[in-house]
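# Overview (structure and organization)
Single-letter residue listing:
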Amino acid sequence: MSSLNALLDVIECEQIEARESVLATVVKVEGSAYRRPGARMLVSQYGRPEGTISGGCLEGDVVRKAWWLSETGPVIRSYSTAEATDEEGGADALGFGLGCNGKVYVLFERIPAQKQCALLDALRNVRNKQIPVAIATVIACSRSSRADVGNRVFLEPGAAPLGGLHHPGLNERIAADLRLTLDRQKSSLQHYAEGPTEIEVFLEYIAPAPRVIIFGAGHDAQPLVRMAKILGWHVTVVDSRSHFARPERFPEADLVLNAHIGESFEFLKLVEGAFVAVMSHSLSQDAHWLKGSLQGNPRYIGQLGPRARTERLLDEIIRQTDQLPARDRLHYPMGLDIGGDTPESVAMAVLGEMQAVMHGRAGASLKLRASTIHENDRLESSCSRSTFASEQQRSGVDGPAGVGFA
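Here the structure is a predicted model, which is why all the values come from computation and not from measurement.

Quick look at the pairing of strand β10 (residues 188–194) now. Every regular strand shows the same layout, with side chains that alternate between the two sheet faces. Across the 7 residues that make up β10, a large majority, 5, are buried. In this structure, β10 lies alongside strand β11 (residues 197–206), joined through 7 bridges in antiparallel fashion. When the bridges of β11 are listed, Leu-189 appears paired with Phe-202.

Pasting the structure below:
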């Protein structure tokens, strides 16, 4: 999400100056790659890049070629990161010989200087309104298709699909899959066929920035706020002490609240789906914020401090009520066991645990992982090598009609 915020900021600056830009989006990955589908990079009119689509391996070529590649419309280009051989690459791939044994498919498209752009509208809604969106993007199509690479359909929760293809039957199927994408909160690749028409579509789920609620505005909350903002998270700081809960102490925070524990507080709304860190260093405050969070529906609750201290707090809370639906999401002492006792190291440990919870990971060393790093993140796909894909690959097509995808 951090890269999305920065990318939108740059696009808005370019549009203010009435300048076009080129957006490069990873739409498919075969094998190993540093970034996953949905990674985006912007190339401004003067070659300034924003964002990354790899670990720095592909960006130079993207900057050099983005403008002429997108001159006649959206186009897919594939990059091979396997070890270089004399036979590697073919007409549809640019070989980099990086030894990663992967292939990355990138969509290049122009972002208009000033006129409305449906993709930008959708991305801005995700950022500004904190609502998710599902986007269907055509990434390959048969020659008989009336669809083009780069055609899109958008769907926000509770709304009708926006956009569409010149295939009513396919539109209905894509809309149904977009609703499923929103429900499952997971991107996928899909292959659709209707008569002679065949298309491959990247169904992308884009979530709003994760929200972190920090109860406690002490000095150790400051690096936690800064690091969370580096990740692009939406950050709220809450404290009952007015001399701590001041916006000037947390200039990066999205919201700083001075809320007294003796007054009513909208816990349920604030912590819904959020990552909560309770770290006020005050028994009365911690008891209040922890109880309210446990009665809500956050994704994660972390309590700072020794285990015995937290268990005393829990004993007192349980004596008051046994209605604590989020009890199983409580982590204490919060954070990963990485060592260090500075506020910065604590912040890193806490955010590391939150990130692991968000992605369903254990937070252990990768050297202990038996499977591949991105196994849990692989796109589900109903695609198999189709006739139109094979024909295009043999003919070396690498233009608006798309390349052959496995």
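For helix α4 (residues 168–184), built from 17 residues, the straight-helix expectation of 24 Å at 1.5 Å per residue is met to within 8% by its first-to-last C-alpha distance of 24 Å. Those residues of α4 not exposed but buried are Leu-170, Ile-174, Ala-175, Leu-178, Thr-181 and Leu-182. The buried residues of α4 all sit within an arc of 135° when viewed along its axis, so they share a single face. Relative to its buried face, α4 has exposed residues pointing more than 90 degrees away, namely Glu-172 and Asp-183. Tucked inside the fold, the buried residues of α4 contact β7 (133–141), β8 (152–155), β10 and β11.

Here the focus is the pairing of strand β1 (residues 21–31). Of all 11 residues in β1, 9 are buried, a share of seventy percent or more. Pairing of β1 with strand β2 (residues 40–44) involves 5 bridges; the strand directions are antiparallel. What sits directly across from Leu-23, in β2, is Leu-42.

This part covers the pattern of salt bridges. Pairing between side chains of opposite charge can happen when their charged atoms approach one another. Taken as a whole and assessed by the stated rule, the structure comprises 18 salt bridges. Between Arg-127 and Glu-12 there is a salt bridge, with its nearest N and O atoms 2.8 Å apart. A residue pair is termed long-range when its members are at least 10 positions apart, and Arg-127 in helix α3 (residues 118–129) and Glu-12 in helix α1 (residues 2–16) qualify at 115 residues. The residue Lys-229 makes a salt bridge to Asp-254 at a minimum N-O spacing of 2.9 Å. With a gap of 25 residues between them, Lys-229 in helix α5 (residues 221–230) and Asp-254 in the loop between β13 (234–239) and β14 (255–258) connect regions that are remote in the sequence. On the basis of relative accessibility, which here comes to 38%, the residue Asp-254 falls in the partly exposed class. Beyond isolated ion pairs, a larger network of salt bridges with shared partners links Asp-9, Glu-12, Arg-124 and Arg-127.

Conventions adopted
- Along each chain, residues carry numbers from 1 onward, in the same order as the chain's sequence is written.
- Given that this is a predicted model, residues contribute local features only at a pLDDT of at least 70 and side-chain atom pairs are listed and counted only at 80 or more, while totals for whole chains, interfaces and linings are drawn from all residues.
- To get the side-chain values, take all heavy atoms of the structure and skip hydrogens and water.
- Each residue is assigned to one of three classes by its accessible area relative to the maximum for its type, calculated with a 1.4 Å probe on protein chains only: buried under 20%, partly exposed between the two thresholds, exposed over 50%.
- Elements are defined by DSSP. Helices are runs of H or I of four residues or more, strands are runs of E of two residues or more, and each kind is numbered from the N terminus.
- At least two DSSP bridges between two strands are needed for those strands to be called paired.
- Here the expected length of a helix is defined as 1.5 Å per residue gap, with one fewer gap than residues.
- Comment: arc refers to directions from the helix axis out to C-beta atoms.
- Contact criterion: two residues are considered in contact whenever any of their non-hydrogen atoms come within 4.5 Å of each other.
- Here, a salt bridge means any Lys or Arg side-chain nitrogen found within 4 Å of an Asp or Glu carboxyl oxygen.

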